[in-house]
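Okay, here's what each chain looks like letter by letter:
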Amino acid sequence: MTKYVYRFGGGVSEGGTGDKNLLGGKGANLAEMASIGLPVPPGFTISTEMCTRYYAEGETFPDSLREEVANGVAHIEGITGKKFGDNADPLLVSVRSGARVSMPGMMDTVLNLGLNDETVQGLAAKAEDERFAWDSYRRFIQMYCDVVLGLDHGRFEEALEIAKEDRGYTLDTEMTAADWKALVDEYKKIVRELWDKPFPQDVQDQLWGAIAAVFGSWNAERAKVYRRINDISGDWGTAVNVQAMVFGNMGETSATGVAFTRDPSTGENGYYGEFLINAQGEDVVAGIRTPQYLTKDAREKAGAKPLSMEEALPETYAELAQVFEKLERHYRDMQDIEFTVERGTLWMLQTRTGKRTAKAALKIAVDMASEGLISEEEAVARVNPSALDQLLHPTLDPDAPRDVLTKGLPASPGAASGKVVFDADTAEKAAADGQDVILVRIETSPEDIHGMHAAKGILTARGGMTSHAAVVARGMGRPCVSGAGTLSIKAAEGVMRVGSREVREGEIITIDGATGEVMIGEVPTLQPELAGDFGTLMVWADKVRRLKVRTNAETPADCRTAREFGAEGIGLCRTEHMFFDSGRITAVRQMILAGDEKGRRVALEKLLPEQRKDFTEIFEVMAGLPCTIRLLDPPLHEFLPHEEDEFAEVAQAAGVEVETLKRRAAELHEFNPMLGHRGCRLGVTYPEIYEMQARAIFEAACDVAAKSGEAPIPEVMIPLVATRKELALMKALVDKAATAVFEEKGRTIDYLVGTMIELPRAALRAGEIAEVGEFFSFGTNDLTQTTLGVSRDDAGRFLTTYVDKGIYPRDPFVSIDIEGVGELIEIAAERGRGARPGLKLGICGEHGGDPASIAFCEKTGLDYVSASPYRVPIARLAAAQAALAARV
């Protein structure tokens, strides 16, 4: 028979820290604390396996569990000397959740379980404190009705407030035993009214109702949202911990508190926490009373008058401090602790690895390594790579007031305030005048690139986490909120609306790219601090990682930023962004409008020096490093105007009739441009475009080599290849341009020609493609789209539902779909290297900055990942952690 109940306390410990998957973090740590001799109230844990079975069997319990729970209750009774349901000396228990990873506040707890109209009398007599007993009973009714019966919590709060007002009280502590008794009667009337039944008096019914409620809270909406945000599997389930109650509300020698062994905000090595005398645990976290400081030093720094625990309960505080030291040495990490003092006796209710800010995580990891508590490699493994985003971008002042207008997707981290503008040209002009602006668009396109670069932040009504706006914003380090679906934008009227509220062009808003919130007015921000701990940890990470880390960048500024963050080259330079520059868009359009090759070459001659200058500036920053340059990828119609007023302007600049321009735009129109005339298909039909770009690359590389003595290593990437023949044609074109330039310049440089694997056919035929291509770069954005048959710009409408229903474990545009897209990458890597041993393999989609995807790249044996500049440190740390995990 499967064992589901595990006991702890009183010299018994049937679990420990190695059992977190089975017992949840709380249950495993309670058992562990008991095993190392700390004062833990006795109890038992119902395993996560029971939670899984509970849901699988229609939310019912097997009879065998009832027998195990009865034995668990008997274990607590034997140690405490109390009996569950006994009228003279009743055992009271708490029933708490406990998943394998901490989910603070997401699931349910019931305290003081076992009280009823009879046992409350016994508790009062045994404790010699009638007020305490009736206070405990009213707390139990209130909590049980909220958590187990699902009754309106507000009705009970309202009754309490009325009771205090009628008596002229301000604080709960002013209520007498008679007052609490009268409130209990009122609470029972509310239960009868709302539930149509009396409050449960049978303690066994109470216990099983609470156990079912805690298991049920695993699938509460708030818990599901928390799991989705933190990538926690819905299959894990929660454990249930049943534990003897200890009471912090038994007078002036009793207390309850929450503490951290180090400051969770700053990482400083000092005790941090709060406590309350004569209170229960929920009083501290619920804000019912203002907690007091744990240490005298913290109280004095805050200028607070109420005594700290160190001053009010000095002997108990000294004992608690010893427990802090013992726990941190034992777990070798900062601990988050809950404790209760019952009439001078200290009890430990919980310990867990403490949640912390990114800044604190860095400091604690580096300090603990310096103290010899953990190794450098353990320090590297301790910091969540994604949390580094907090350190690399401005963040909103957490204490500042905010008026939230709407919420979208947190597409690119950071926070910014500025005047609302609705088009890219206005954004660029306003920024040139020294104004901070937020570019607000229904959705962005490559034409908006100059405005996006000029803006402090970007807000869109449509698009997902990997939409054009999101990708470009992350590359630029701009905060971005995308897919704010409640936003109605009327750009022509210069207004956006959410319901009855409206914001006009020129008014100030604030966006938070970390949360997706959009706020009215300016909210103060805090600038990032890249202190010494950051650099120290990055040095340690670089010692252990195997994967190289490059950047996705196409401007000198982005390249410099990436180099400062440790990028080891360029993994993707999107040349189309250069074509949208206002100084050359006319020549691009002239090339598109040309009726023959000769006309196109005339226009391309104008673009050549501009492209050469682009690459020269990039190569100067990246001298000596590999630089993957993707030749023109998007369809040509993207460079033509779309709005009526733009046609006249462009026609005049290009020297053609408006109708001619419209006719050409119509000829180029495609119903599905993502799968249309783009990528290498442009090079096959208009080879002169790729010839010009290849010449510009090699001329720039030779010039930089001559000037600096250190040549970049161009890696010319042909996009959207599906066949060997396509790549062979394009490679011959590039090689011919290189040979011509090298003869003209009187020098040669090393270079490679390869392709972006972004089509399933290319992955499957990788062996024959590798006979021509000298490197593969996996373009996972498009490979995901073409494999799943899903548009990333439209997927935001339904992918969240797909993740919630377990169809995909995570958004496949955020983290690689390992079963589908991942298998294609593995096939391509194996077949490609089978045909060309040592074939260089990298990844350059947005997944290159995702830690889970980087772990997959390490496992698959890729040579590098490429991420946007501000995600380079994240990729470096994630690559190091992936290398460490691969050793296990």
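Residues numbered from 1 in each chain as written. Predicted model: local features only at pLDDT ≥ 70, side-chain atom pairs only at ≥ 80, totals over all residues. Heavy atoms only, no water.

1. A closer look at the overall build of the chain
The criterion, for reference: Think of it this way: any DSSP run of H or I at least four residues long counts as a helix, any run of E at least two long counts as a strand, and we number them from the N terminus. Values of the radius of gyration come from C-alpha atoms, whereas the globule rule sets the reference at 2.2 Å times the count of residues to the power 0.38. Each residue's exposure class comes from its accessible area (1.4 Å probe, protein chains only) as a fraction of the maximum for that residue type: buried when under 20%, exposed when over 50%, partly exposed otherwise. Residue exposure ignores everything except the shown protein chains as possible cover, and the areas themselves are Shrake-Rupley values with a 1.4 Å probe. A residue counts as positive if it is Lys or Arg and as negative if it is Asp or Glu; His and the chain ends are not included. By convention, the charge on Lys lies at NZ, on Arg at CZ, on Asp at CG and on Glu at CD.
Scanning the chain from terminus to terminus reveals 36 helices and 34 strands. In terms of overall size, the chain behaves like a compact globule, its C-alpha atoms giving a radius of gyration of 32 Å where 888 residues would be expected to give roughly 29 Å. On the principal axes, the C-alpha backbone points of the chain span a range of 105 × 60 × 55 Å. Across the 888 residues of the chain, 56% fall into the buried class. About 35,800 Å² of surface is accessible on the chain, with carbon and sulfur atoms providing 48% of the total. A gap of 3 Å separates the mean positions of the 99 positive and 136 negative side-chain charges of the chain.

2. Quick notes on the side chain of Gln206
The test is simple: We call two residues contacting when some pair of their heavy atoms lies within 4.5 Å.
Residue placement: Gln206 occurs in helix α8 (residues 203-217). Beyond its immediate chain neighbours, meaning those up to four positions away, Gln206 contacts Leu113, Gly114, Leu115, Asn116, Phe140, Tyr144, Phe199, Pro200 and Gln201.

3. Overview of the sheet that holds strand β12 (residues 335-342)
Stated formally: DSSP calls a pair of strands paired once it identifies at least 2 bridges connecting them. Between N-to-C directions, angles cover 0 to 180 degrees, with each direction set by a line fitted to C-alpha atoms, over the stretch in contact for helices.
Read from one edge to the other, the open sheet built from five strands follows the order β11-β10-β9-β12-β13, with strand pairing classed as antiparallel. Strands at the two margins of the open sheet, each flanked by one partner only, are β11 (292-293) and β13 (345-353). In this structure, strand β9 (residues 255-260) lies alongside strand β10 (residues 272-277), joined through six bridges in antiparallel fashion. Looking across to β10, one finds that Thr256 is bridged to Leu276. Against the sheet, helix α13 (residues 314-331) engages β9, β12 and β13, with an angle of about 30 degrees to β13.

4. Description of unusual backbone geometry
Phi angles above zero are rare outside glycine, and Glu128 is one such case at about 55 degrees. Residue class for Glu128 comes out exposed when judged on its relative accessible area of 73%.

5. Focus on a negative patch on the surface
In plain terms, the rule: Grouping into patches uses exposed residues only, defined as over 30% relative accessible area, and leaves out salt-bridged ones; the cut-off is 9 Å for like charges and 5 Å for nonpolar side chains (Val, Leu, Ile, Met, Phe, Trp, Tyr). What makes a salt bridge here is a side-chain nitrogen of Lys or Arg within 4 Å of a carboxyl oxygen of Asp or Glu, nothing more.
Among the surface-exposed residues, Asp425, Glu428, Asp581, Glu643, Asp645 and Glu649 lie close enough to one another that they form a single negatively charged patch. Contributions of two or more residues to the negative patch are made by α17 (424-432) and α25 (644-654). Here Glu643 is to be found in the loop between β29 (626-630) and α25.

6. Quick word on the packing of helix α14 (residues 358-370) against helix α20 (residues 532-544)
The geometry of a pair of packed helices is captured by two quantities: the angle between their axes and the separation between those axes. We apply this condition: Each crossing gets its hand from how the near helix is turned against the far one by less than a right angle, where anticlockwise is left-handed and clockwise is right-handed. Gly is put with the polar residues, along with every residue not named as nonpolar or charged; the nonpolar set is Ala, Val, Leu, Ile, Met, Phe, Trp, Tyr, Cys and Pro, and the charged set is Asp, Glu, Lys and Arg.
One way to put it is that α14 packs onto α20 with a least axis distance of 9 Å and a crossing angle of 65 degrees. Classified by chirality, the crossing of α20 by α14 is left-handed. Contacts from Leu362, Lys363, Val366 and Ala369 of α14 reach α20 at Asp533, Phe534, Thr536, Leu537 and Trp540. A per-class count over the contact of α14 with α20 returns six nonpolar, one polar and two charged.

7. Considerations on the sheet that holds strand β6 (residues 93-99)
With respect to topology, six strands assemble into an open sheet ordered β2-β1-β3-β8-β6-β7, the strand pairing being antiparallel. Two strands bound the open sheet, and with one partner strand each, they are β2 (12-13) and β7 (109-113). With four bridges connecting them, strand β3 (residues 43-46) and strand β8 (residues 238-244) associate as antiparallel partners. Each residue of the ladder has a partner; that of Ile46, found in β8, is Val240. Against the sheet, helix α3 (residues 63-80) makes contact with β1 (5-9), β2, β3, β6 and β8, and its axis sits at roughly 160 degrees relative to β3, the strand it touches most.

8. Details of the pattern of salt bridges
According to the stated counting rule, one finds 63 salt bridges in the structure shown. Where Asp367 meets Lys363, a salt bridge forms, and the shortest distance between an N and an O atom there is 3.0 Å. Within this pair, Asp367 and its partner Lys363 are both found in helix α14, separated by four residues, close to a single helical turn. Neither Asp367 nor Lys363 differs from the other in exposure class; each is buried. Of the charged contacts, one joins Glu699 and Arg612 as a salt bridge, the two residues approaching to 2.5 Å between their closest N and O atoms. Note that Glu699 is positioned in helix α28 (residues 687-708) and Arg612 in helix α24 (residues 597-621), a separation of 87 residues in sequence. For Glu699, a relative accessible area of 8% gives the class buried. Taking the relative accessible area as the measure of exposure, Arg612 reaches 24% and is therefore partly exposed. Members of the salt-bridge network, linked through shared partners, are Glu576, Arg630, Asp633, Arg678, Glu758 and Asp782.

9. A closer look at a nonpolar patch on the surface
A cluster of nonpolar side chains, Phe798, Tyr802 and Ile807, forms an exposed patch at the surface whose accessible area comes to about 250 Å². Looking at where Phe798 falls in the secondary structure, it is placed in the loop between α32 (780-788) and α33 (799-804).

10. Concerning the environment of Arg664
Within the secondary structure, Arg664 is located in helix α26 (residues 658-668). Among the residues examined, Arg664 registers a relative accessible area of 16% and is labelled buried. Each residue touching Arg664, except ones within four places of it in the same chain, is listed here: Ile592, Leu593, Leu640 and Tyr686.

11. Comments concerning α28
Given 3.6 residues per turn, any residue in an α-helix points the same way as the ones three and four places further on. Let me state the cut-off plainly: Every helix has an expected span of 1.5 Å times one less than the residues it contains.
Between the first and last C-alpha of α28 there are 32 Å, a value that for 22 residues agrees with the 32 Å anticipated at 1.5 Å per step. Immediately beyond the C-terminal end of α28, within one or two residues, lies Gly709, with a positive phi of roughly 80 degrees.

12. Some points on the packing of aromatic side chains
Rules: Note on ring pairs: Phe, Tyr and Trp rings are taken, using the six-membered ring of Trp, and paired if centres are within 6.5 Å. Classes follow the plane angle, with under 30 degrees stacked, over 60 edge-to-face and the rest tilted. In this scheme, Lys NZ or Arg CZ marks a charge over a ring once it lies within 6 Å of the ring centre and within 35 degrees of the ring normal.
Taken as a whole and assessed by the stated rule, the structure comprises 20 aromatic pairs. Each ring, one from Phe140 and one from Phe199, has its centre 5.6 Å from the other, and the planes form 85 degrees; the classification is edge-to-face. With a gap of 59 residues between them, Phe140 in helix α5 (residues 130-147) and Phe199 in the loop between α7 (177-195) and α8 connect regions that are remote in the sequence. Ring pairing ties together the aromatic residues Tyr54, Tyr55, Phe61, Trp208 and Phe215, which thus form one cluster. Here the basic side chain of Lys3 rests over the ring of Tyr6, its NZ or CZ set 5.0 Å away from the ring centre. Of note, Arg227 hangs over the ring of Trp218, and the distance from its end group to the ring centre comes to 4.1 Å.

13. Notes on the pairing of strand β22 (residues 495-498)
Of the strand pairs in this sheet, strand β21 (residues 488-490) and β22 are connected by three bridges, and their pairing is antiparallel. The residue bridging Ser488 from the neighbouring strand is Arg497, located in β22. From the end of β22 to the start of strand β23 (residues 501-504), which pair antiparallel, there are two residues, and Gly499 there has a positive phi angle of about 60 degrees.

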